[in-house]
Amino acid sequence: MFNALQTVVIAIILAPAASKIPLFIGGFFPMTSMYYDGWTGGNGILPAADMALEHINSAGILGDYELKMIWNDTRGSPGWTEHLLYQFLSSSPRKIMLLGAGYSSCSTVVAALAGLNPWRIPQISYASTSPALSDKILYPYFYRTIPDDTSFNAPRFAILKTFNWSHVGIIYQDEDIHRAAVEHLQLDIRSRGMRELTAEAFRNSATTQMANLKAISGGSPPSDRIQQVNKLISPSLILYGFMVSTSIICILIAFFFLWFNTRHKNIRYIKMSSPNLNNIIILGCVLNYVSVATFGLDGSLVDHSYHFICASRSWTLSLGFSLAYGAMFSKTWRVHTIFTNRKLRGKIVKDRHLLAIVFLLLVVDVTYLIIWQSIDPLKRILYEAEVEVSSHNHVEIVYQMEHCQSSSTYLWLGILFGYKGILLLFGAFLAWETRKVTITALNDSKYIGFSVYNVFILCAIGVPVSLVLKDHPDASFSIISILIIFGTSLTICFVFIPKVTELRKHMQVGGRPEPIERTFTVGSVSRNNLDDGLSTLNSNHRREIQEYKDKLEEKEEEIITLRKRLQGYEEIADSSKKQCQDTLKINNLQAANTI
C-alpha cells in the first residue's frame, strides 16, 4: 500500500517537470483573398508548417522547449495584416518569431513594424520575393526561405548569352513587388551593355501584351529582335555596263582622232587648225567620258572609297568641260582677234597664248573645286526610301537611297553652272562674230555654234529632269550618261569629222593633200588685218602677205589722194558754173532795162 502511494506521489511530483516550455510563433497565411482571383497559397503552406513544427518538437532539438504556432488569415491584404500584427503584439502569449507573410506587400508591413523597438521580433517569410525586403537598414530582422526576384536575373542573363540575345523586352504585373524587380533587371540590362526594347505592365491580364509575341518555327533559337537588313537601291548592273561600254567605245574613237591629229599634224589643212589645241579638246572629251563611270558607282561597289568617287564626279566633268570647250573657244578667239580687232594689228597670236588661256581656265576650276571640298566637302548621304517587313523571317528590309551631296550642294553647283554658262555664251558670241570668215581650216565657228546649242539644250532639259528623278537611280543615271556621252560625242565629231572628210577627199583626188588655198574672202572684215588671218603659216608666207599688205596700203593712200583731187576739181567746176549763171542773170537784167 505504502509503495503504491509512494509511486503516485513521485509521479505527481515529476509530472510538472516532464512538460516542456512552449515558445509561440505568430503565423500569417493567405488562406483567402479579398481580391478576385487572388493567391491563396496559405492553404498549402499551413499544413507544411504544422508538419515542420511537429518534426522539430518530436526530435527533441529544443530540449525543454517546444514550438507552438498561433496563425491568422491575412486575406492578401496589407491593411488586414497590419491589424493581425497589432493583435499578436498586444495580446498574450508573447511571440518569439513571426512566420510569413505570403504576399510581399503584407511582409513589408510586418517587417517595418515588428522590427521596431521595443519588439524587434525576427520574421521569416516563406513566399515574399520583393527585392526591397533585402534592405537590412530598413528591415534588419527580416529573413526568408525563398530567393528574392533579383536572384533570377543571373539565370536569365545566362539564357540570353546562350542564344546570343542582346535585345530584351519586359512584361510584368503592375504591382510594387514586380516594379522593384523590374527596376533591378533594367539596371542589370544597362550594365551589361544590352538594349531594352520595351517594359510593359498589365493589371489583371497580359492577353494584349502576349498577343504581340509571335511563335517562330524552325530548329534554331528565335531571334531577340527583328533583324534589320539595309539594301541599297543602285543602278542596274546591266545599265551600268552598257553605259560604261559605250563610253569606252567613245574613248577609243577619241584616241583615233588623237592618232589622226598627230599623224597628219604637218599637213597644212590640219596644221592651220592648231593640232595642239585639238589634242587638248580630245583630252577634255576623254575626261567627260570617264565621268560616266563615276556617276554609276555606288557604295555597294566601292564602300570604303566612295567619298573619293563622289568628289571625282565634279572634278572630271568640270575639268573635261574646261579643257574641251576652253581649247575650242580659244581657237575661235584667235580668229576673232585677227579678223575683227584693229588694235591687235600686226600682232601674232600663237598656240602658247591659247594654251595659257586654257591653263587659266583650269586654274579657276581647280581653285574653286578645292575651296568647295575644303569648306563643304561632298560625301555619301543615305536616305531610307522604303521599309519592308517580312513576318515569316522576322526581317526588316530597309531600302536606302544614296546621294552624293554636301550641306549646300545646289549653291555650289549653281555657281559652277553659272561660270560654265558664261563660258558657253562667250563661245557663242565668238562663233557669231567670226561666222563670215570663210577660211575653213582656221574657222570652226559653225561647228562651235552647233556644239554650244546642243550642250545648252541638253543641259537645260536634262539637268532639271535628273534632279527630279534623283530618287530613281536607273532613270537618273541614264539621263546623266546620255547627256554626257551625246553632248561630248557631238562636240568631238563636229571638230574632227570635217577634217577627216576633207583629208580623205584630197587623198582620193590626188593621192596627197592639196596645198591650202591662198585666196579667201572675209566679207565685211577689214583688210588691214589680212596678214594675221594666216598667222599659223610659215614665216615666208607671212612676209609675202605683209608685202602685199604694204602695197595695198600704198594703193589705198593713192586712192585717197585722187579722191581729194577729184573733190577739188568738183569744187572748182561748181564755182565756175555759179559764176556763169550769175553773169547770165546780169546780162539778161541789163537787156531788159535797155528795152
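About the thresholds
- Residues numbered from 1 in each chain as written.
- Predicted model: local features only at pLDDT ≥ 70, side-chain atom pairs only at ≥ 80, totals over all residues.
- Heavy atoms only, no water.
- Salt bridge = Lys/Arg side-chain N within 4 Å of Asp/Glu carboxyl O.
- Buried < 20%, exposed > 50% of the residue type's maximum accessible area, 1.4 Å probe, protein only.
- Helix = DSSP H or I, 4+ residues; strand = E, 2+ residues; numbered from the N terminus.
- Arc of directions from axis to C-beta.
- Contact = heavy atoms within 4.5 Å.
- Pairing = 2+ DSSP bridges.
- Right-handed = clockwise from strand over helix to strand, strands pointing away.
- Patch = residues over 30% accessible without salt bridge, like charges linked within 9 Å, V, L, I, M, F, W, Y side chains within 5 Å.
- Areas by Shrake-Rupley, 256 points an atom, 1.4 Å probe, with all protein chains shown as cover.
- Lys, Arg positive; Asp, Glu negative; His and termini not counted.
- Charge placed at Lys NZ, Arg CZ, Asp CG, Glu CD.
- Axes fitted to C-alpha atoms, helices over the stretch in contact; angles between N-to-C directions.
- Left-handed = near helix turned anticlockwise from the far one by under 90°.
- Nonpolar A, V, L, I, M, F, W, Y, C, P; charged D, E, K, R; others polar.
- Core = buried A, V, L, I, M, F, W, Y, C linked by side-chain atoms within 4.5 Å.
- Phe/Tyr/Trp six-rings, centres within 6.5 Å; stacked < 30°, edge-to-face > 60°.
- Lys NZ or Arg CZ within 6 Å of the ring centre and 35° of its normal.
- Disulfide = S-S within 2.5 Å.

### As for the pattern of salt bridges
- The tally for this structure, following the rule as stated, stands at four salt bridges.
- Ionic pairing is found between E66 and K68, a salt bridge with its closest N-O pair at 3.8 Å.
- Of the residues examined, K68 reaches a relative accessible area of 38% and is grouped as partly exposed.
- In this structure, the salt-bridge partner of K420 is D365, at a minimum N-O distance of 2.7 Å. Of the two residues, K420 sits in helix α13 (residues 409–433) while D365 sits in helix α12 (residues 351–375), which places them 55 residues apart along the sequence. Exposure class is identical for K420 and D365. Each is buried.

### A few points about helix α5 (residues 153–162)
- Every buried residue belonging to α5 is among N153, F157 and L160, and all of these are buried. The buried residues of α5 occupy an angular sector of 55° when projected down its axis, which confines them to one face.
- Its buried side turned inward, α5 meets β6 (167–173) and α6 (176–191).
- At the C-terminal side of α5, N164 shows a positive phi close to 60°.

### Examining the pairing of strand β1 (residues 21–29)
- Where β1 meets strand β2 (residues 65–73), nine bridges bridge the pair, whose relative direction is parallel. What sits directly across from I21, in β2, is Y65.
- Each parallel crossover has a hand, and the one from β1 via helix α2 (residues 42–59) to β2 is right-handed.
- In the sheet, β1 pairs with strand β3 (residues 95–99) via four bridges, with the strands oriented parallel. The residue bridging I25 from the neighbouring strand is M97, located in β3.

### Structural notes on the side chain of N261
- The residue N261 is located in helix α8 (residues 237–263) in this model.
- Overall, the relative accessible area of 1% leaves N261 in the buried class.
- Once you skip the residues sitting within four places of it in the chain, N261 turns out to touch I270, P275, N278, N279 and F496.

### Side note on a negative patch on the surface
- Residues E547, D550, E554, E557 and E558 make up a contiguous surface patch of negative charge.
- With respect to the helices and strands, the residue E554 is situated in helix α16 (residues 539–594).
- In this structure E554 comes out as partly exposed when scored by relative accessible area, which is 46%.

### Points about the packing of helix α3 (residues 78–90) against helix α4 (residues 104–114)
- Following both chains from N to C, one finds α3 and α4 inclined at 35°, their axes separated by 8 Å at the closest point. Our pair here, α3 against α4, has a crossing hand that is right-handed. Counted together, P78, T81, E82 and L85 of α3 and S105, C106, V109, V110, L113 and A114 of α4 form the full contact between these two elements.
- Across the contact of α3 with α4, the residue classes tally to seven nonpolar, two polar and one charged.

### Description of the nonpolar core
- Judged by nonpolar contacts, the single largest core of 41 residues is most densely connected at I282, Y289, Y325, F329, L424 and I492.
- Elements with a minimum of two residues in this core: α8, α10 (275–296), α11 (306–340), α12, α13, α14 (445–468) and α15 (473–510).
- When sequence neighbours within four positions are dropped, the list of residues in contact with Y325 reads L424, S451, V455, G487 and T491.

### Thoughts on the packing of aromatic side chains
- What the rule picks out here adds up to 14 aromatic pairs.
- An aromatic cluster is present here, built from F256, F257, W259 and F496 joined pairwise through their rings.
- Positioned over the ring face of Y143 is K136, at 4.2 Å from the centre of the ring.
- Directly above the ring of F157 sits R192, whose terminal nitrogen or CZ lies 4.1 Å from the centroid.

### Considering the sheet that holds β2
- Pairing in this open sheet of five strands is parallel, and the strands run β2-β1-β3-β4-β5 from one edge to the other. The outermost strands of the open sheet, each flanked by one partner alone, are β2 and β5 (142–144). Strand-to-strand, the axes of this sheet are offset by a mean angle of 25°, without reference to chain direction.
- Of the strands in this sheet, β1, β2 and β3 are in contact with α2, which crosses β2 at around 170°.
- α4 rests against β1, β3, β4 (123–125) and β5 of the sheet, and its axis sits at about 165° to β4.

### Notes on the state of the cysteines
- The final tally for this structure, using the stated rule, is one disulfide.
- Here C310 engages in a disulfide with C404; their sulfurs sit 1.5 Å apart. Classification of the bridge connecting C310 and C404 rests on its S-S torsion, roughly 100°, and on that basis the disulfide is right-handed. Of this pair, C310 sits in helix α11 while C404 sits in strand β10 (residues 395–405), and the two are 94 residues apart along the sequence.
- C493 supplies the cysteine sulfur nearest to C250, a cysteine that is in no disulfide, at a spacing of 8.2 Å.

Everything listed here is a matter of geometry and, on its own, says nothing about what the molecule does.
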